[in-house]
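Now for the letters of each chain:
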Amino acid sequence: MDKKITEHHKYIEKQIAALTKQQKPDRNDIEALAQYHDRVTKNFQHERAIHLAVTFFFAGLMFAAWALSIILWLKFGFVPEIWPMYAIALVLTALEGFYIRHYYRLENRTQKLYDLTDEIYKLF
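Residues numbered from 1 in each chain as written. Predicted model: local features only at pLDDT ≥ 70, side-chain atom pairs only at ≥ 80, totals over all residues. Heavy atoms only, no water.

## Some words on the overall build of the protein chain
Stage number 1. Counting its secondary structure elements, the protein chain contains three helices and zero strands.
Stage number 2. Secondary structure elements of the protein chain, listed N to C terminal, follow the sequence α-α-α.
Stage number 3. Here the protein chain has a C-alpha radius of gyration of 23 Å; the compact-globule value for 124 residues is 14 Å, and the former is much larger.
Stage number 4. Projected onto its principal axes, the C-alpha coordinates of the protein chain cover approximately 75 × 15 × 15 Å.
Stage number 5. Taken across its 124 residues, the protein chain has 30% of its residues classed as buried.
Stage number 6. Accessible surface, the protein chain: about 8,600 Å² in total, of which carbon and sulfur atoms supply 64%. (Helix = DSSP H or I, 4+ residues; strand = E, 2+ residues; numbered from the N terminus. Rg over C-alpha atoms; globule rule 2.2 N^0.38 Å. Buried < 20%, exposed > 50% of the residue type's maximum accessible area, 1.4 Å probe, protein only. Areas by Shrake-Rupley, 256 points an atom, 1.4 Å probe, with all protein chains shown as cover.)

## Overview of the packing of aromatic side chains
Stage number 1. With the rule as written, the count across this model stands at six aromatic pairs.
Stage number 2. On the numbers, 5.9 Å between centres and 80 degrees between planes, the contact of Y11 with Y36 is edge-to-face. Taken as a pair, Y11 in helix 1 (residues 2-21) and Y36 in helix 2 (residues 27-76) lie far apart in primary sequence, 25 residues in all.
Stage number 3. Measuring from ring centre to ring centre gives 5.6 Å for F78 and W83, while their planes differ by 40 degrees; the resulting arrangement is tilted.
Stage number 4. Judged by relative accessible area, F78 falls into the exposed class, the value being 54%.
Stage number 5. Joined through ring pairs, the aromatic side chains of F57, F58 and Y99 make up one cluster. (Phe/Tyr/Trp six-rings, centres within 6.5 Å; stacked < 30°, edge-to-face > 60°.)

## Side note on a negative patch on the surface
Stage number 1. On the surface, E13, D115, D118 and E119 cluster together into a negatively charged patch.
Stage number 2. Here the negative patch gets three residues from one element, more than from any other, and that element is helix 3 (residues 83-122).
Stage number 3. On the secondary structure map, D115 appears in helix 3.
Stage number 4. Assessed through its relative accessible area of 46%, D115 is described here as partly exposed. (Patch = residues over 30% accessible without salt bridge, like charges linked within 9 Å, V, L, I, M, F, W, Y side chains within 5 Å. Salt bridge = Lys/Arg side-chain N within 4 Å of Asp/Glu carboxyl O. Lys, Arg positive; Asp, Glu negative; His and termini not counted. Charge placed at Lys NZ, Arg CZ, Asp CG, Glu CD.)

Laid out in structure tokens, this is it:
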């Protein structure tokens, strides 16, 4: 996803630069670029919303696994029979860390697309 956003960002910057170099850019070209950029940005926003839902889902699983691990530890102590539960909680914690990092990068790159939207509308 990062690669697609970066490619789109570079493409739009290139198109804005080309339109800016023109003495009087064609309004239809600007409108077509704005519509294309808005459509692609909406797709990235949808992707971001899906990733947020997945991140929250795995956060819930992670907290449930840790809560169950703590409850089992308090009830039975640190016995080998419940070590798999600790392993599951640790794996879910690592996975959640990766999901948070990915969502953070996706959020920041999508925010940069909003700046490009402003630049396109300044061309009108």
